Amino acid sequence: DRRELCDDAVPGLCYNEDGLGTDTNRLGSTNCCTRTCTECGTALSARVLWNPCENLDGTVAECGRLSRYDASPFQCDFSLCG
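Note that the structure is predicted; figures quoted are calculated from it, not measured. (Residues numbered from 1 in each chain as written. Predicted model: local features only at pLDDT ≥ 70, side-chain atom pairs only at ≥ 80, totals over all residues. Heavy atoms only, no water.)

Engineer: Help me understand the environment of Asn55, please; the structure alone is not making it clear to me.
Structural biologist: Here Asn55 shows up in strand β4 (residues 54-57). Leave out the neighbours within four places in its chain, and Asn55 touches Val60, Ala61 and Glu62. A polar atom in the side chain of Asn55 sits 2.7 Å from the side chain of Glu62. (Helix = DSSP H or I, 4+ residues; strand = E, 2+ residues; numbered from the N terminus. Contact = heavy atoms within 4.5 Å. Polar contact = N/O pair within 3.5 Å; in protein donor to acceptor, adjacent residues only side chain to side chain.)

This is the structure in structure tokens:
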């Protein structure tokens, strides 16, 4: 199980909770605020992905790519989390 490898102390992006995204269309939901690695799993959606964040700079971090064609990673802005 992937969740056994999770480090919930590392922030990340729970992508595609709504199931609308594919590996190319970038239409899935982006949640940087309310899920941890262990909470972001296939129980939410068959296509949900957890992307751990890297390169934290203040309140912004790079958190994986929404499409396999993206040149740059998606940026989570944690200052928007309430």
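Engineer: Is there a simple way to think about the sheet that holds strand β6 (residues 75-77) in this case?
Structural biologist: In sheet architecture, strand pairing relies on hydrogen bonds along the backbone and comes in two forms, parallel and antiparallel. Pairing within the open sheet is antiparallel, and its three strands lie in the order β4-β5-β6. Strands with a single pairing partner mark the edges of an open sheet, and in this sheet they are β4 and β6. Strand-to-strand twist across the sheet, computed as the mean angle between neighbouring axes with direction ignored, equals 20 degrees. Bridge analysis of β4 against strand β5 (residues 60-62) gives two bridges, and the strand direction is antiparallel. Directly across from Asp57, in β5, lies its bridge partner Val60. (Pairing = 2+ DSSP bridges. Axes fitted to C-alpha atoms, helices over the stretch in contact; angles between N-to-C directions.)

Taken by themselves, the reported measurements are silent on function.
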